Each structure stands twice: as structure tokens, then as C-alpha cells.
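Fold and geometry: a report
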Amino acid sequence: MPLPKRKKEKKKATRWSERNFITEVLIPSFFVRKSGVQQRPVFPTLQKGQIGITWIGHASFLIQTPEHNILVDPNWANWLIVIRRLKRAGLALDDLPNIDLVLITHAHFDHLNRRTLAAVAARQPIVVPSGVTNLVHDLGFEHVHEMNWWDEWHHRDLKITFTPAKHWGARVLHDRHRGYGGYCIEYQGRQIYHCGDSAYFSGFREIGRRLAPEIALLPIGAYEPPSFRDVHMGPEQAVQAFAELKAKTFVPMHFGTYRLSYEPMHEPAQRLMLAGSEAGVLQQIRFLVEGMPQVF
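Residues numbered from 1 in each chain as written. Predicted model: local features only at pLDDT ≥ 70, side-chain atom pairs only at ≥ 80, totals over all residues. Heavy atoms only, no water.

Attention now moves to the sheet that holds strand β2 (residues 60-64). Read from one edge of the open sheet, seven strands run β8-β7-β6-β3-β2-β1-β15, paired in mixed fashion. What marks the edges here is a single partner per strand, and that holds for β8 (143-147) and β15 (294-295). Sheet topology note: the strand β3 (residues 69-72)/strand β6 (residues 101-103) ladder contains three bridges and is parallel. When the sheet's bridge partners are listed, L71 is paired in β6 with V102. (Pairing = 2+ DSSP bridges. Helix = DSSP H or I, 4+ residues; strand = E, 2+ residues; numbered from the N terminus.)

Judged by which residues are buried, strand β9 (residues 152-155) turns out to be one-sided: W153 and H155 face inward and are buried, whereas E152 and H154, on the alternate face, are not. Taken together, the four bridges between β9 and strand β10 (residues 158-163) define a ladder with antiparallel strand orientation. Paired with W153 across the bridge in β10 is I160. Hairpin geometry of β9 and β10 is characterised by an intervening segment of two residues between the two adjacent antiparallel strands and by a positive phi of about 50° at R156. (Buried < 20%, exposed > 50% of the residue type's maximum accessible area, 1.4 Å probe, protein only.)

Here we come to the side chain of D197. Looking at the element boundaries, D197 is found in the loop between β12 (190-194) and α4 (203-211). No salt bridge is formed by the buried D197; its nearest oppositely charged neighbour, R229, is found at 11 Å. Among the polar contacts made by the side chain of D197, one reaches the side chain of H167 at a distance of 3.2 Å. Within the structure, D197 has its side chain in polar contact with the side chain of H232 (distance 3.3 Å). Those residues in contact with D197, other than ones at most four positions away along the chain, are H106, D110, H111, A165, H167, H232 and H254. (Lys, Arg positive; Asp, Glu negative; His and termini not counted. Salt bridge = Lys/Arg side-chain N within 4 Å of Asp/Glu carboxyl O. Polar contact = N/O pair within 3.5 Å; in protein donor to acceptor, adjacent residues only side chain to side chain. Contact = heavy atoms within 4.5 Å.)

In C-alpha cells:
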């Protein structure tokens, strides 16, 4: 019995030694010149039936209806502990409109940034997964609403559904009780789905069947993490998820802002275009420029 265990440990050690994230990715990123332009956005006056979406960077979005300004996973941080932001946020915090609602998909530092949340908190509600309340309750929000998978919450003509994902929610090693997932936002027949973080899993079929999202904000980066864990989708898997969701528009996210993985910063977008072309959905993929509002 001990012999197979030793072989398994040796194989794992060899795999970790194949590449060194600190020397190959982390340290070089300290010397990369930050890219991107901070826009001075002009937010459109939305008509009935229109949705505005502004990508701020990474997984951060401003989603607007004629009645609401919703922030999802807002993060303006220049550092995630030791990981440096390599592309500027698309707009300044001060240029945001008044925010009516904040949604947080999970507690990881690149999705729940306490300093950013404290800056946008203005006695409005915030929605978080189960077990995450204590990370945001002291930041200035009027109400913290916790959700589990498939919970629904109605707020000012919005229907918010918390959806499953294949990821994990711990902020530090000992707090594995925290939830994680994505959100489907429904307003007057329009459905916008923010996946949060997720590897590919069969649950996308169920999300598509139950919610039929029209616009899917899907992650395409961090698919070669130093941990080797299967927790993020690559572009090809995201195209498959998009097909199973049966959505009409694919907006890619979770790439090009922080280098969290071994793949080069430019690679996810290039691979997505190739995968989308091969799958016949390239015309349905809509790349957004950080800080530039788009009407859907």
C-alpha cells in the first residue's frame, strides 16, 4: 500500500515543478506597463425594452435598465494581495451613476473587493451568496440579502435568480462554508446572465432550460492556474456553455485584467474567436471595450 502512495506524491511534485508561477508570471508582471484607457463614459438614455451593459474590467459590470443601475462584482483594485492589475478599470469610480443594487458572485478577492464596495455603498441593498454576509455587512449597505442556488429575489421590477456554478467560495483556507454562483437578472422580459466564476459543467443545460438567458456574460480566462484545479472555463468550453445556455449574445469576461494563470493575456480572446468561428457563433460574440457603454 505505501508504494502507490509514494508514486502518487512523486508524480504530483513533478507536475508542480514543471512551471513556476512566481518566476514565470508573478514577478514579470511587476514590470509590465499597465495598459488600457480610462473612459469618460456617456451613459445612454435607455428606452423601454433596452438594456445597457458597461464592462469595467475582469468580471465587473454595470448593467442598466431604464429604472436601475446594477453593479456586478465591482473591483477597482490595483492589487489582489500580490497580483497586480495589468489593465486599467474602464472608468473611474467617481464616474459611476447612482447605484441601486450590487451583486456579488463569490468571496474571492478578484470578485469581492471590500475597498471598492465601501466606495459604492450608499444605503442600497447588496446580494451575496450564503455565508458571505459578514464580509460586507459593515461597508454601508442598507440590506444584505443572502441567496442559495435557485433562490429568487424580487426587487423593484427585477427578478434575480442565483444560479449554480462549478467553482468554490472560500476567501481563505478555513472558510469553505461560503457559497458561490452566478446571477440571472430579469427585467421586463430581458434576461442577462452573469456566470461568475465557473469551470464547464452540465449545469449550464439546466440554467438554459429553466431561465433561457438572452445575454450571457461568460468567463474565458484563467484556465491554466498554478493549482491545476478545474475551476475556470477556457474559451472552447465557454462556447460549449453558450450553446447549452441557448443564449443569443455572448459577452466574454474574466480575461485581460489580472494575470491569474499561465496563459498569456492576449490568448483567451484569440482562442475564443477561433472557437466561435468553428462553432458558427462568431457573430453572436460581442467583445466590449472597458468603460464604453453598449445598448442591447
